Structure formats: C-alpha cells, structure tokens
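Structure at a glance
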Amino acid sequence: MRVEVQNLSFSYDYRPVLRNVSLSLESGDFLVVVGNNGSGKSTLIKCILGINRVPDKKIYLDGMEINEFRKWLRIGYVPQKLDDFNYEFPITVNEIMHVSRYSKMRDEEKLALFDRMGILELQNENINTLSGGQLQRVFIARAMVNHPDLLILDEPTAGIDSESEAKFYRIVNDLNDEGVTIILISHDLKPGKSNFNRIMRLTDGRAKTMAASEYFEKGVD
Amino acid sequence: MELDPLVLMGFIRALIERQFMQYALITGVLVGLLAPMIGSFVVIKRLSLIADTLSHFSLAGLSIGIFLLNILRLPIGDPLYVGMMFAVIGALLIEALRSYYKNYKEISMPIVISLGTALSALFISLAGGFNTEIYNYLFGSILTVGRNFVYIIAITTFVIFVLIIIFYKRIVIISFDERYARLLGIRVGVFQFFSTIILGVVVSLSIETVGVLLVSSLMIIPVAAAMKIGNSFKTTLLIAILFSEVSVILGLWLSYSFGFPSGATIVLFNILILLLVIIVKKIFTSPHAEEATTFESEVQPE
Ligand SMILES: Nc1ncnc2c1ncn2[C@@H]1O[C@H](COP(=O)(O)OP(=O)(O)OP(=O)(O)O)[C@@H](O)[C@H]1O
Ligand SMILES: [Mg+2]
C-alpha cells in the first residue's frame, strides 16, 4: 500500500506534537521510525491509522484521501501498549482470531499463520494465561489475519526475548519480501535484523527521512 | 436438600395443571437465558452500573404508569409499557450524557440513577404511596405474570437471539477490544447505542421476575461464576446460562412452595452457585493439593 503524508501538523488540545511532517512510501517499502520518547512516533502512526483525526488532504492511502478511506481491513496494526484490551474478558487465542477476521482465510492458512508466529500450541489458551512475549505474538498474528497490505508495528519487540525477536524480524522481513508495506517503530537499527529501506527520525515533532543506504553511510543527526 | 418429596410433587403438579405456573416457568426460563447472555457483555465492559441505572429509571416509568392508571384513570393498559419506555429513555439519556462528558463517561450513571430514583419516589407518593404493586416491582413477582407478558418476552428473546447470532463477531470484538474494533472499521458507536437500548428492554422485562433491586445480580452473578470455570468466551457463556437456569427453576420451586419472594430465592441460588464454584476452585487449585498428588505419584511404585 502506498502512504502519502503531506505537511501534517498535529496537536493534542493545542499542544503541537507533529510539525509539518511529510512522508511518501511506495508499495513494498519498509520504513523504520526512530526518535526519543515523546517525539511523536506513536502520534504519527495513529494519524495514519485514522485513530487521530486529521484535516482533509493531509494523508493519502493508496491515493485515497484518509477521511474517505474505508478499506481499513487492509491495514494491520500492533499497538505499543498491549494493555488496551479488556483483561476481564474470557477469550481464547483462537476466538480472538475468529472475531477479528473479516476476510476469507482457510483453516490451513490460519494454522500456518499460527505456526509461523509460534502460537500454534497456544490456540486454546485463555488470553489471561499468556506471557507478555506470547501476547505480543498473538497480536502480531491478529494484525495479519486479514491479509494486510500495510503493517504498522509500534515497538513490537519491547520486552520479548532475543530468540523470539530474531524470529519476529524474520517474519516481518518475509512479509516485506512478499510485498507488504511495513512501518516499524523501533530503536534497534542494527543492520541484518530488519530489512528496512527507509528511515525517519522524529525530533520534537519534526521529521527527517532518508534511504537506509544513506543512513548507514553517513549516519543520522 | 431435606425437603418433603411431596412439596416437589406439588410443584410439578402445579406446573402441569396451573396456567399461572406455566407462565411463570416460561418467563423464568426466558429471563434466565436473556439476563446472563446480555450480562456476559455487560460485566465484562465494566458497565454493571448500567443495569442498576436502567432498572431504577424503569421504576420511575412503572410508578408513573401506576399513577396514570390508578389516579388519573387513563387507559394505558399496563404500567409495564411505561416502564419499558422509560428504560429505553434512560438508555438514550446515558448515551447522550456519555458523549457530553467525553472524559468522565461513567458520571452519566449516577446522574440518570438519581433522576430515576427521585421520579420514582415522587410518583409512588402521588399514586397513593407504597402498596403491593410497588413491592412487586421492587422485589419481583414471577408468579403473577400474565399471558401478554409471556408473548412480549418470547418475541424479545427471539429478536435478541437473532441479533446476537448475526452480529456475534462484532459484539465480541467490541467487548474485548473496542479500539481494535474501530480499526477494523466497525461502527462501535452505533453498536453501543443499540446495545444500551436492548439492555434497557431486557432490564425492564427482568423486573417482573426479580424486581428492580435485583435485576443487575441476575445479569452479573451467573457470569461471574462461569468466568471462574470457562476458558473460552463460548463456554463461559454456556456455563453462565446453565447456572442461571438452574437458579431460576430452583428459585421458582421454593418461591411457589413456601411463598418466598421469587427474586430473592432466584438471586440467592445464583449466589450459592457462585460460592460453590469459588470453594471448589480453591480446593482444586490450592498448592497443597498439587504437592500431595505429586508426592503420591512419586512414591507410587510402577
Ligand atoms: N492522547 C493524548 N492526549 C494528549 N497528549 C498526548 C496523547 N498521546 C500522546 N500525547 C503526548 O504527545 C507527545 C508525543 O507522544 P507519542 O506517544 O507520539 O510519543 P512517542 O514518540 O511514541 O514516544 P515513546 O517513545 O515514549 O513511545 C507526548 O508528549 C505525549 O505526552
Ligand atoms: Mg510511542
């Protein structure tokens, strides 16, 4: 999916968080967003996801103005904090997938996805019995259940062990190879982990974007 | 239970021979199904206050109905209709206040509950003060429901059943993770609006069974017990309905046999089941119990 952000400024209750941010991603791009705490990373992706309302003609998804955009199933999202959902709710991993799925997926496909995410044996577990890392993988699988063309991940590897992390990057890289556009917020830029080709640094709501090759040659800042 | 078997026989004979008992049974079974079914979404959404709020608001409608019927002699049929209307109005008021107080949504409940209670007190006094009718609305009187009521509740149950089956996935995802439901493009606001109204209707119908003061327990306690046992949402829901139906039938039996208020007996059976579940669960998950079994299996020779 193509993503186009044009001179976007955004404030929460008059407090400016994003200042004149622009971004242009082609289908199949892999963007990593970095920046200090509070620099506006999560805010930017919430704008792209339609969680934060933005004025007309600021964001385009596949050429469609965001306030007209309706095909939200084509975007997968893993939020930064996983405590947003209702812990009291008795529900299994399988049920979460079932109620989140609104496009066709055959049973074998579903099981393959579970297997890929390493949650096959957690299928019938109650959500409350999962560890943080397991929960993370469940939510990544949920983000992929509707075959998204754009996957947005907000610090998805925070708090998961290095083995799961390596597995996770392999999956994201594979998806990107299959043509899924990726936006990944992450502090971890070591080459060889994620195959990003673009990088954006946010400083106090101002964005600076460059190609990954340029970043590794000259560094940023 | 150490009761004379004849009492049980009497109850069964009454069920076969007496029409009012058949109405009571049908009503009980349908409310026993509806309340936990709706409740499994309510408890979970931390909205248990809504049920209490709507039942108190519905009581205002019921007292206004009694006033119109008994004092002004208006041919409104049954105060129940005014009660239902008020439950729906209460639901709309909650929704309106929730969108007005965006950052303090729950404040809408105390406001609506106060209005409902105040109106109830006012119209109960205007309608001639406390009487059996009011007592029945407060504590339930399943043994006095009429044919019309049975029709209304049967139709309501059917409609709600169909709605839940059609929108099952959407309702569950909204209850589990509202934010994600929005991201999936589900119109959460519309669903919440209609579910509050449906809740209002179910609450006002449940008042006949257990009364204003106990409606919320009917929705919450079986679910609370089931949550301790169920793993998935589906099993929790089924167990909650089972607990609820058992309580309704046992409650109805005691209520008929000894003249106890039906609401009280039904709710007390629900609480008894909850206690049993908690105790049984404690015994089976206590660390000592586990130790004992491992120890046993270790000393056991092949
Ligand atoms: N819903 C909100 N209402 C008001 N202010 C907010 C809201 N969400 C974020 N902010 C503020 O906006 C600023 C940017 O927050 P944001 O979450 O986008 O930062 P971030 O770059 O994702 O930080 P982190 O690395 O900690 O995740 C912060 O100062 C934060 O306090
Ligand atoms: Mg953030």
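Keep in mind the model is a prediction, meaning the values are calculated, not measured.

With that out of the way, let us pick up the pattern of salt bridges. All names here are of chain A. Within the structure shown, the criterion is met by 10 salt bridges over all chains. A salt bridge links Asp62 to Arg74; its shortest N-O distance comes to 2.7 Å. Placement of the pair is Asp62 in the loop between strand 4 (59-61) and strand 5 (64-65) and Arg74 in the loop between strand 5 and strand 6 (75-78), with a sequence separation of 12 residues. For Asp62, a relative accessible area of 26% corresponds to the partly exposed category.

All names here are of chain A. For ligand 1, the set of nearby residues contains 13 residues, the closest of which are Gly38, Lys41, Ser42, Thr43 and Gln80. The contact in question runs from an oxygen atom of ligand 1 to an N or O atom on the side chain of Thr43, over 2.4 Å. Here ligand 1 loses 64% of its free accessible area of 630 Å² to cover by the protein chains. Every element with two or more residues in the shell around ligand 1 is listed here: strand 2 (15-25) and helix 1 (41-48). Per-element accounting of the shell around ligand 1 gives the leading share, 3 residues, to helix 1. Residue composition of the shell around ligand 1, grouped by class: 2 nonpolar, 8 polar and 3 charged.

The subject of this paragraph is the coordination of the magnesium ion (ligand 2). Residue and element names in this part refer to chain A. At the metal site, the magnesium ion (ligand 2) is ligated by Ser42 (OG) and Gln80 (OE1), and these contacts range over 1.9 to 2.2 Å. Here the residue Ser42 occupies a position in helix 1, and Gln80 occupies one in the loop between strand 6 and helix 2 (93-100), the gap between them amounting to 38 residues. Classification of Ser42 by relative accessible area gives buried; the value is 17%. In this structure Gln80 comes out as partly exposed when scored by relative accessible area, which is 39%.

Let us now look at the sheet that holds strand 8 (residues 181-185) of chain A. All names here are of chain A. Read across the open sheet, the 6 strands follow the order 6-7-8-3-9-10; overall the sheet is mixed. The open sheet has two edge strands with one neighbour each: strand 6 and strand 10 (206-211). Between one strand axis and the next, the sheet turns through 15° on average, direction left out of account. The sheet contact formed by strand 7 (residues 150-154) and strand 8 spans 5 bridges and is parallel. Note on strand 8: the bridge partner recorded for Asp154 is Ile185. In the packing of helix 1 onto the sheet, the strands contacted are strand 3 (30-35), strand 6, strand 7, strand 8 and strand 9 (198-203), and the crossing angle to strand 8 comes to about 150°. Against the sheet, helix 4 (residues 132-144) engages strand 6 and strand 7, with an angle of about 170° to strand 6.

This paragraph deals with the environment of Leu31(A). Residue and element names in this part refer to chain A. Within the secondary structure layout, Leu31 lies in strand 3. Sequence separation between Leu31 and Ile185 is 154 residues, and the spatial gap between their C-alpha atoms is 8.4 Å. Ignoring anything within four residues of it in the chain, the contact list for Leu31 reads Leu23, Leu25, Ile182, Ile183, Leu184, Arg198, Ile199, Met200 and Thr209.

About the criteria used
- Note that residues are indexed from 1 along each chain, following the sequence as it is written.
- Going through the entries in the order they are written, you letter the chains from A and number the ligands from 1.
- Only residues with pLDDT of 70 or above have their local features reported here, since the model is predicted, and side-chain atom pairs are shown and tallied only from 80 upward, although totals for entire chains, interfaces and linings are computed over all residues.
- Working from all heavy atoms in the structure, the side-chain values ignore hydrogens and water.
- Whenever a carboxyl oxygen of Asp or Glu lies within 4 Å of a side-chain nitrogen of Lys or Arg, that contact is scored as a salt bridge.
- In DSSP terms, a helix is any run of H or I states spanning at least four residues, a strand is any run of E spanning at least two, and both are numbered starting from the N terminus.
- Exposure classes here rest on a 1.4 Å probe applied to the protein chains alone. A residue is buried below 20% of its type maximum, exposed above 50%, and partly exposed in between.
- Here, proximity means that at least one heavy atom of the residue falls within 4 Å of the molecule or strand.
- For the purposes of these results, a polar contact is taken to be a pair of N or O atoms within 3.5 Å, where, inside protein, one atom must be able to donate a hydrogen and its partner to accept one; residues adjacent in sequence count only when each atom of the pair is a side-chain atom.
- The accessible surface values rely on the Shrake-Rupley method and a 1.4 Å probe; as for residues, cover is taken only from the protein chains in view.
- Note that Gly is not counted as nonpolar here; it falls among the polar residues with everything else outside the nonpolar set of Ala, Val, Leu, Ile, Met, Phe, Trp, Tyr, Cys and Pro and the charged set of Asp, Glu, Lys and Arg.
- For Na, K and Ca the donor cutoff is 3.2 Å, while for all other metals N, O and S atoms must lie within 2.8 Å; water is not among the atoms, so some sites may look incomplete.
- Here, a strand pair is defined by DSSP locating no fewer than two bridges between the strands.
- Orientation is described by lines fitted to C-alpha atoms, with helices fitted over the stretch in contact, and by angles between N-to-C directions that extend from 0 to 180 degrees.
- In what follows, residue pairs with any heavy atoms lying within 4.5 Å of each other are defined as contacts.

Honestly, it's all geometry; don't read function into it.
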